[in-house]
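Understanding the architecture of this molecule
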Amino acid sequence: MESLGSQPPPVAERAMSHCTARREWQVEWSGSKFIMFCPKGRRNPIITGDFVPPTVEKSANVSNYNCACLFFPLFVLITLRNSTEVTEFFLRGFGVQHAFQYFLLTVFLVIYGTSMVGNIGMILLIKTDSRLQTPMYFLLQHLAFVDICFTSAVTPEMMQNFIIENKSISSKGCVIQSLVYTAFVTGDCHRLAAMAVDRYMAFYNPPRYPTITSRRVCIQLVAGSYIMGSINASVHTGFTFSLVFCKANAINHFFCDIPPVLALSCSNTDINIMLILVFVGFNLTSTVLAIIISYTFILAAILKISSNAGKEKAFSTCASRLTAVTIFHGTLSYMYLQSYSHNSHEKRKVGSVFYGIVIPMLNPLIYSLRNKKVKEALKVIWKKIFFRLDANC
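Tallied over the entire structure, the rule returns 2 salt bridges. For Arg131, the salt bridge is made with Asp129, and the minimal N-O distance between the two is 3.2 Å. Where Asp198 meets Arg199, a salt bridge forms, and the shortest distance between an N and an O atom there is 3.1 Å. Each member of the pair Asp198 and Arg199 is classed as buried.

And the structure:
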């Protein structure tokens, strides 16, 4: 008996060395076993066991291999490798009853529509109103753009899967979805940190604020967030989809997130897990520290305000922003900085809904519509619209 390891040797030359007088192999692969047996006087192999790879069972090429030369280990290596080439994945989505799916579809459609209207409207408003051409609104404009991108990477696909039977996504589509989503979510973390630092400078040192947060500095902050997101997404997506997938191709999630995709691989994922801990840990820790330090100084500056009404307004603004930041960073930490167990699938889906779908809807409300300048700009836009309508009538 000869046992191959849990994964096939990577080169064919090693398999060629198995061409010996032996006529039976016990092959153990990914926790399953099967026997290849070549009876004396028989030309073609017999394959038995509790698991037979589909490509071995169905392949007509089995009859092309001669028992006299026993190249079967080489055949097994090639077959098992070919059987792990996944061309598409299936998204399981939410484990809910069919009738309840239409309710979820309606809810997510409202949330996604609100998010699109809010974020696109905010971008257009900042572009058109000269009073909003400040560093804070420049960063807010890019935050809205990022929110549009990463929620659009997953939400339409998720809503579509509520109403269709075939919930498949091509392997290339899965790679693109994971790449786009990870890049923009990471960028969102750094954008929120940059906005917190911007508010700290505005509160703590108002005279020097226009000089320190110049247009050039804002562009550098935005570019840095995009670069950090691209690096993080490229590393995780590249290492994840270079693995061998042999267990299944059904992703227990509503989009191609990294942890549930890793759960399908039969390769060693220790490096992937280490990369998640290092990269996600660094991105979350650095941005959370920047936010905490900035808002600590902001709160200290607020306490110095003599007017009670001014204090209440400032505290209300800070509280709402910190709530959104806490939900966003808290769910990200829960998703990626703990071990991935089967018992946490549904909880992780709920967490993904919060930071991937709900937060992009809340950001325009929290960061913009509570702002006095934004309200004034909206009033001006509405007056212009109604004036044109009256003129046309």
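There's more to say after this.
Quick look at the layout of surface pockets now. To find the voids left in a structure, one rolls a probe of water-molecule size over its atoms. Quantified by volume, the largest pocket comes out at close to 640 Å³. If you go around the largest pocket, you meet 24 residues; those closest to its centre are Arg199, Lys313, Thr317, Arg321 and Asn371. Those elements that place two or more of their residues in the lining of the largest pocket are helix H5 (135-152), helix H7 (171-204), helix H11 (270-303), helix H12 (308-336), helix H13 (345-369) and helix H14 (372-392). Among the elements that take part in the lining of the largest pocket, H12 stands out by supplying 6 residues, more than any other. Considering only residue class, the lining of the largest pocket consists of 12 nonpolar, 5 polar and 7 charged.

A separate point is the packing of H7 against H11. Close contact between H7 and H11 brings their axes to 8 Å; oriented N to C, the two are set at 20°. Accordingly, the angle class assigned to the pair H7 and H11 is roughly parallel. When you trace H7 past H11, the crossing you get is left-handed. Facing H7, whose interface residues are Thr186, Cys189, His190, Leu192, Ala193, Ala196, Val197, Arg199, Tyr200, Phe203 and Tyr204, H11 presents Asn283, Leu284, Ser286, Thr287, Ala290, Ile291, Ser294, Tyr295, Phe297, Ile298, Ala301 and Ile302. Taken together, the residues of the contact of H7 with H11 sort by class into 16 nonpolar, 6 polar and 1 charged.

Let's shift gears to the confidence of the model for the protein chain. As a note on interpretation, predicted positions should not be read in detail where pLDDT is low. Per-chain confidence: the protein chain averages 76 in pLDDT, with 74% of residues scoring 70 or above. The least confident element of the protein chain, judged by mean pLDDT, is helix H1 (residues 12-16) at 31; the most confident is helix H9 (residues 215-240) at 93. Predicted confidence is poor over residues 1-84, with pLDDT under 50, and the contacts of this stretch with residues over four places away or in other chains come to 132 contacts.

With that settled, the discussion passes to H7. Helix length check: H7 (34 residues) gives 50 Å between terminal C-alpha atoms against 50 Å at 1.5 Å per residue, within 8%. With 24 of its 34 residues buried, H7 lies for the most part within the structure.

With that settled, the discussion passes to the side chain of Asn119. Positionally, Asn119 belongs in helix H4 (residues 98-128). We classify Asn119 as buried; its relative accessible area is 2%. Side-chain polar atoms of Asn119 contact the backbone oxygen of Pro360, separated by 2.9 Å. Beyond its immediate chain neighbours, meaning those up to four positions away, Asn119 contacts Ala144, Asp147, Ile148, Pro360 and Pro364.

About the criteria used
- Residues numbered from 1 in each chain as written.
- Predicted model: local features only at pLDDT ≥ 70, side-chain atom pairs only at ≥ 80, totals over all residues.
- Heavy atoms only, no water.
- Salt bridge = Lys/Arg side-chain N within 4 Å of Asp/Glu carboxyl O.
- Buried < 20%, exposed > 50% of the residue type's maximum accessible area, 1.4 Å probe, protein only.
- 1 Å grid on protein atoms, 1.4 Å probe; cavity = no way out; pocket = protein on both sides within 12 Å on 5 of 7 lines; lining within 4 Å.
- Points joined across faces, edges and corners; volume = space filled by probe spheres on them.
- Helix = DSSP H or I, 4+ residues; strand = E, 2+ residues; numbered from the N terminus.
- Nonpolar A, V, L, I, M, F, W, Y, C, P; charged D, E, K, R; others polar.
- Axes fitted to C-alpha atoms, helices over the stretch in contact; angles between N-to-C directions.
- Parallel < 35°, antiparallel > 145°, perpendicular 65-115°, else oblique.
- Left-handed = near helix turned anticlockwise from the far one by under 90°.
- Contact = heavy atoms within 4.5 Å.
- pLDDT = per-residue confidence, 0-100.
- Expected span 1.5 Å × (residues − 1).
- Polar contact = N/O pair within 3.5 Å; in protein donor to acceptor, adjacent residues only side chain to side chain.

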